[in-house]
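Read off the chains here:
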Amino acid sequence: MNNLDLSQIVSPHVAAAVEAPPELLQPQTRELSILFADLRGFTTLSRDLPPRDLYLLLGEILEALTDAVLDEDGVVLDYYGDGLSALWNAPLDCLNHADAACRAALTMVDSLPGIDARWKDRLGGPLRIRVGVHTGQSHVGNAGTARRFKYGPRGLAVHLASRVETAAKYLEVPVLITAATRRRLGSDFFTLRVCRAKLPGFAEPNELFAVYRAAQADRLQEKLDRYADA
């Protein structure tokens, strides 16, 4: 654990705080907001890219996703090829952790057009990301081994957040959240109910919502009104 570079997974001020009282990394149960993000259709988009370009593109994308997490004082848990997972409200308290997770998710979505513009002559289509967020109780601590420390959560909340991200792909919703996350959001956000879905591995169905910045509410409501009239 002495070789762990916390600055690679958390923001500088979180890293400084954790290094002062290392007991913060000990196992505990907390309410967390957990995020999974993954590029949609990236295999198809990148199949004609040379290996060097593919690695450069993925590096640029993951850099943007990581910045979105760290700028909201989240913790990057892991990278999954063309996506990542992250959490909020551990190891330090984050009062509005659902807000922070959703802001990070929307920032991820907003970061892709700029990357698209720089790579449009080499990609076969636009980059699209799908993000799932769930808020719930989870055990968090060393999810690795005694020989290889890996800070992170374990439990149903993690699995549900992952399932929500998968559902976002099928529902074609950029950012999809559970009702538990929605209940904790402040006035900076506008949500729309998408569906009630029975997700793999869960006996009870979950209410799922799309989330947007509150500033978009009027434009979205206008579109909904036009759809209803049609």
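Values in this document were obtained by computation on a predicted structure and should not be read as measured data.

What counts, and at which threshold
Residues numbered from 1 in each chain as written. Predicted model: local features only at pLDDT ≥ 70, side-chain atom pairs only at ≥ 80, totals over all residues. Heavy atoms only, no water. Helix = DSSP H or I, 4+ residues; strand = E, 2+ residues; numbered from the N terminus. Buried < 20%, exposed > 50% of the residue type's maximum accessible area, 1.4 Å probe, protein only. Contact = heavy atoms within 4.5 Å. Areas by Shrake-Rupley, 256 points an atom, 1.4 Å probe, with all protein chains shown as cover. Patch = residues over 30% accessible without salt bridge, like charges linked within 9 Å, V, L, I, M, F, W, Y side chains within 5 Å. Salt bridge = Lys/Arg side-chain N within 4 Å of Asp/Glu carboxyl O. Pairing = 2+ DSSP bridges. 1 Å grid on protein atoms, 1.4 Å probe; cavity = no way out; pocket = protein on both sides within 12 Å on 5 of 7 lines; lining within 4 Å. Points joined across faces, edges and corners; volume = space filled by probe spheres on them. Core = buried A, V, L, I, M, F, W, Y, C linked by side-chain atoms within 4.5 Å. Lys, Arg positive; Asp, Glu negative; His and termini not counted. Charge placed at Lys NZ, Arg CZ, Asp CG, Glu CD.

This part covers the overall build of the chain. For the chain, the helix and strand inventory stands at seven helices and eight strands. For the chain, with 230 residues in total, the buried portion stands at 48%. Pairs at least 24 apart in sequence give 67% of the contacts found in the chain among residues at least 6 apart. Put simply, the chain shows about 12200 Å² of open surface, and 51% of that area lies on carbon and sulfur atoms.

As a further point, take a nonpolar patch on the surface. A grouping of Tyr 170, Leu 171 and Val 194 is seen on the molecular surface, where their side chains present a nonpolar patch of about 300 Å² in accessible area. The exposure class assigned to Leu 171 is partly exposed, which follows from its relative accessible area of 34%.

So, about the pairing of strand β8 (residues 206-213). With three bridges connecting them, strand β6 (residues 175-178) and β8 associate as antiparallel partners. From the neighbouring strand, Thr 178 faces β8, where its bridge partner is Leu 208.

This next bit is on the layout of surface pockets. Its boundaries defined by the atoms lining it, the second largest pocket holds a volume of some 210 Å³. As for the second largest pocket, its lining consists of 16 residues, and the residues nearest its centre are Phe 36, Leu 77, Tyr 80, Pro 153 and Val 158. If you list the elements that add at least two residues to the lining of the second largest pocket, you get β2 (75-79), β5 (151-154) and α5 (156-171).

A few words on the pairing of β2. Working note: regular strand, side chains alternate between the two faces of the sheet. Relative to strand β3 (residues 83-88), β2 runs antiparallel, the two being bridged by four bridges. Across the sheet, residue Val 76 finds its bridge partner in β3, namely Ala 86. From the end of β2 to the start of β3, which pair antiparallel, there are three residues, and Gly 81 there has a positive phi angle of about 70°.

A general trend in soluble globular proteins is that nonpolar side chains are found buried together. Grouped together as the largest cluster of nonpolar side chains are 42 residues, with contacts concentrated most on Leu 35, Leu 57, Trp 88, Met 108, Leu 127 and Val 131. Taken together, the elements giving at least two residues each to this core come down to β1 (28-40), α2 (42-46), α3 (51-70), β3, α4 (97-119), β4 (128-142), β6 and β8. The leading source of residues in this core is α4, at 11 residues. Core analysis: the next-biggest nonpolar cluster, separate from the first, contains 14 residues, Leu 87, Phe 149, Val 158 and Ala 161 among them.

On to a negative patch on the surface, then. Taken together, Glu 63, Asp 67, Asp 71 and Asp 73 make up a surface patch of like negative charges. By the secondary structure assignment, Glu 63 is in helix α3.

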